[in-house]
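Notes for the structure review
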Amino acid sequence: MECHYAILGVELNADDGTIKKAYRKAALKYHPDKNPNCLEEATEKFRLVQAAYDVLSDPQERAWYDRHREEILHRKKYENYKENAFDLWEYFSPSAYKGFGDDANGFYAVYRDVFKKIDVEDQPFKDEGSAGDEWMPCFGNSESDYDDVVHEFYSSWQSYCTHLSYVWESQYDVKEAPNRRVARLVEKENKKVRDKHKKKRNELVRELVSFVRKRDPRVKAHKAELERIATEQAVKAEERRMSEMRVKAEEAALYHQENFEELAKHNERVSQLENMMRDEFGFSSDEDSDNSDQNSEEEQEYSDDMFCVACNKMFKSVMGMRNHQKSKKHKENMNRLKEEMQEEASVDDLTEDPNCEEIEDEVDDRKLTKKQKKQKRQQQKLLSNMMESEPLKTKDFEEKIDPVQKSDEVPKLETEFDGDIAENEKSIADDIGNTLDCNADNETSVISD
C-alpha cells in the first residue's frame, strides 16, 4: 500500500495549494484518455490519485491519516496479536474495492463482508439473553432502500461499542498476587489496559464507518434527493408568497379605488349641503369651524373653572367643586388669598413707575417655578373677574374733568364715598347754574330800566 503523499509526490507538511497543484498534474498524467496503450494501469493509478486527493483535501481526514499513517502502511508490525482480531487498516483506502457494483470486489460486497466479520468477532463475547445479543444491521447492496437498510445500518454502527474483553492484553496475572490488596491493584491496572484497547477498537470501527459513509453512493443520492425536495419546497413557498402578495396588492388597489370614489361622492355631497345651508340660513361650514373653536375655548374655560386657585386643586366634576367650596378649609384659603391680593393691590397703588413694576414682575416670574407661575396666572384671572363683577361708577365725574387734567390724573376705584361726592358735585353745579340765571335776569332788568 502506497502513501497518499507519495502518490501525489508532495511532502508531509505540504499546504493545500501544493496538494491541489500536484493532484491536477498527476490526474493529467494518469488519465485513461491520455494513456490508451496501458488503460488498466492508468485507470488504477488515476483512481489512487483521486482517492489520495479526497483524503488529503479534507482537513479532518488528513489529520486522522497523519496520526495513523504508520499503522496503515506498516500493518505487518501488528500481526503478532494474541487475539484473532480482524485487521481493519487495509480498508481505509479506495484500493480495497473496485467500483461501486455488486460484484465480489465491488464496494458493497467488500464492506458488507468487513462489517459482518466484525459482528461475528463480537458474538462470542456477548452475554446470552442480553440486549446486545442481537446481530448488527447488514450493510446491504446497491438496491437497498435508504430508510429500511442504509439509515438503520449507519445509525447503529456510528455508535458501535466492541464486546471484546481484551483479557489477553492484561499485563499482570491476578493469581500471582500475594494478598488481596495487591490483587485489587493488579486488577485495576489490567482494567485500565483493557479499557484502553476497547476505546481504540471503538474509535477504529467508527472511523471506518465514517469513511464508508462518505463514499457510499446511496447516501449521496439521498442527500441530493433531500436537497431537491428542499429546493422545490422553497420555490413553492416563494411562489405562494408572491401570489399572496399579488392578491393583497390587487385588493389594496381595489380598496383604494373604492375609497377614492366614495370620498369624491362624499365631498360632492358636503359641497351641496354647504350650498343649501348658505342659501337657506346664510352660513357655511367655515362658521361652524369658528363655533367649534369657540366651543373649545369654552371647554378650556370650563376646565379652568374646575381648578381651585386658593387650594391648588383640580376637580373632575362640578359637584365635587361645589362641595369643596362649602368646606371650611376652602373658605379659610379664600380669605387668606383675598388679604394677600388686597395687600398686593395697595402696594401696587403706592408704586409710581410702571416700568419698574414690569421689571419686578419679570424678575419674580424668573424666580418662580412652572406651578407657581400657573397659580399666579390663576390669581390674576380671579382678580380681573372680581373687578369686572363690580365696575367703576365714576364715569359721570370723569366727563366733567378737563381733558388735559384727566390725562395726567390716575383714575380711582369706586369707594363707599363716591356716591356722596357725586351728589354734592351735582348740587353745587345746580347752585352755580341758579346763581348764573339770577345774575342774568338782574342784568336784563337793569338794561331795560
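Worth saying up front: this structure is predicted, and the values here are computed from it rather than measured. (Residues numbered from 1 in each chain as written. Predicted model: local features only at pLDDT ≥ 70, side-chain atom pairs only at ≥ 80, totals over all residues. Heavy atoms only, no water.)

Observations regarding the overall build of the protein
Helix and strand content of the protein: 17 helices and two strands. Put simply, the protein has 449 residues, and 24% of those count as buried. Taking as baseline every contact in the protein between residues at least 6 positions apart, the subset at least 24 positions apart corresponds to 57%. Just so you have it, the protein exposes about 33500 Å², and 51% of that area is on carbon and sulfur atoms. (Helix = DSSP H or I, 4+ residues; strand = E, 2+ residues; numbered from the N terminus. Buried < 20%, exposed > 50% of the residue type's maximum accessible area, 1.4 Å probe, protein only. Contact = heavy atoms within 4.5 Å. Areas by Shrake-Rupley, 256 points an atom, 1.4 Å probe, with all protein chains shown as cover.)

With respect to the state of the cysteines
Here is the idea: a disulfide is a covalent bond, and it sits between the sulfur atoms of two cysteines. Under the defined criterion, the tally for this structure stands at zero disulfides. Cysteine Cys 308 shares no disulfide, and the gap to the nearest cysteine sulfur, in Cys 311, comes to 3.8 Å. (Disulfide = S-S within 2.5 Å.)

Some details on a negative patch on the surface
A surface patch of like charges, here negative, comprises Asp 145, Asp 147, Asp 148 and Glu 152. Relative to the assigned elements, Asp 145 resides in the loop between α6 (107–122) and α7 (146–157). (Patch = residues over 30% accessible without salt bridge, like charges linked within 9 Å, V, L, I, M, F, W, Y side chains within 5 Å. Salt bridge = Lys/Arg side-chain N within 4 Å of Asp/Glu carboxyl O. Lys, Arg positive; Asp, Glu negative; His and termini not counted. Charge placed at Lys NZ, Arg CZ, Asp CG, Glu CD.)

Topic: the confidence of the model for the protein
Model confidence for the protein is summarised by a mean pLDDT of 75, while 69% of its residues fall at 70 or above. In this model, residues 391–418 is a region of pLDDT below 50 whose contacts with residues beyond four sequence positions or in other chains number 14 contacts. Below a pLDDT of 50 lies the segment residues 442–449, which in the model reaches zero contacts outside its immediate sequence neighbourhood of four places, other chains included. (pLDDT = per-residue confidence, 0-100.)

Observations concerning helix α3 (residues 39–57)
With 19 residues, α3 should reach 27 Å at 1.5 Å per residue; the first-to-last C-alpha distance of 26 Å fits that figure. Those residues of α3 lying buried are Ala 42, Phe 46, Arg 47, Leu 48, Val 49, Ala 51, Ala 52, Tyr 53, Val 55 and Leu 56. Looking at the packing, one finds that the buried side of α3 touches α1 (4–8), α2 (16–30), α4 (59–67) and α8 (180–215). (Expected span 1.5 Å × (residues − 1).)

Comments concerning the environment of Gly 99
Following the sequence through the fold, Gly 99 ends up in the loop between α5 (69–73) and α6. Residue classification places Gly 99 among the partly exposed positions, given a relative accessible area of 34%. In the structure, Gly 99 is positioned 52 residues away from Arg 47 in sequence and 9.8 Å away in space, judged by C-alpha atoms. The residues touching Gly 99, leaving out its near neighbours within four places in the chain, are Gly 106 and Phe 107.

Some words on the nonpolar core
Grouped together as the largest cluster of nonpolar side chains are 27 residues, with contacts concentrated most on Tyr 111, Phe 115, Phe 139, Leu 208 and Val 212. Those elements giving two or more residues to this core turn out to be α6, α7 and α8. The leading source of residues in this core is α6, at seven residues. Judged by nonpolar contacts, the second largest core, of 19 residues, contains Tyr 5, Leu 8, Ile 19 and Ala 52. (Core = buried A, V, L, I, M, F, W, Y, C linked by side-chain atoms within 4.5 Å.)

Brief notes about the environment of Thr 43
Inspection of the secondary structure assignment puts Thr 43 in helix α3. Taking the C-alpha atoms as reference, Thr 43 lies 7.2 Å from Tyr 30; in sequence the two are 13 residues apart.

What to know about the pattern of salt bridges
Overall, the coordinates contain twelve salt bridges when judged by the stated rule. Between Arg 62 and Asp 16 there is a salt bridge; the shortest N-O distance is 3.8 Å. Here the residue Arg 62 occupies a position in helix α4, and Asp 16 occupies one in helix α2, the gap between them amounting to 46 residues. For Arg 62, a relative accessible area of 12% corresponds to the buried category. The salt bridge partner of Glu 121 is Arg 201, with a shortest N-O separation of 2.9 Å. Here the residue Glu 121 occupies a position in helix α6, and Arg 201 occupies one in helix α8, the gap between them amounting to 80 residues. With a relative accessible area of 6%, Arg 201 lands in the buried category. Here the salt bridges do not stand alone but share partners, grouping Asp 58, Glu 61, Lys 214 and Arg 215 into one network.

Some remarks on the side chain of Arg 218
Position of Arg 218 relative to the elements: it lies in helix α9 (residues 217–280). When its relative accessible area of 8% is taken as the criterion, Arg 218 is described as buried. Reaching out from Arg 218, the side chain makes a polar contact with the backbone oxygen of Phe 139 at a distance of 3.1 Å. Those residues in contact with Arg 218, other than ones at most four positions away along the chain, are Tyr 108, Phe 139, Gly 140, Asn 141, Ser 142, Ser 144, Tyr 146 and Val 150. (Polar contact = N/O pair within 3.5 Å; in protein donor to acceptor, adjacent residues only side chain to side chain.)

Points about unusual backbone geometry
Non-glycine residue Asn 312 carries a positive phi angle of around 60°. With respect to the helices, strands and loops of the structure, Asn 312 is situated in the loop between β1 (307–308) and β2 (313–314).

Quick notes on the packing of aromatic side chains
The geometry of two aromatic rings is summed up by the distance between their centres and the angle between their planes. With the rule as written, the count across this model stands at 20 aromatic pairs. Geometrically, the ring pair formed by Tyr 91 and Tyr 111 is edge-to-face, given 6.3 Å between the ring centres and 65° between the ring planes. In this pair, Tyr 91 is assigned in the loop between α5 and α6 and Tyr 111 in helix α6, connecting sequence segments 20 residues apart. Comparing Tyr 91 with Tyr 111, the two get one shared label, buried. Between the aromatic rings of Phe 153 and Trp 157, the centroid separation amounts to 5.9 Å while the plane-to-plane angle is 35°, which identifies the pairing as tilted. Taken together, the residues span about one helical turn, with Phe 153 and Trp 157 both in helix α7 at a distance of four residues. Phe 153 sits in the buried class, given a relative accessible area of 1%. With relative accessibility at 1%, the residue Trp 157 sits in the buried group. Ring pairing ties together the aromatic residues Tyr 91, Tyr 97, Phe 100, Phe 107, Tyr 108, Tyr 111, Phe 115, Phe 139, Phe 153, Tyr 154, Trp 157 and Tyr 160, which thus form one cluster. Directly above the aromatic system of Trp 135 lies the positively charged group of Lys 116, at a separation of 4.6 Å from the ring centroid. (Phe/Tyr/Trp six-rings, centres within 6.5 Å; stacked < 30°, edge-to-face > 60°. Lys NZ or Arg CZ within 6 Å of the ring centre and 35° of its normal.)

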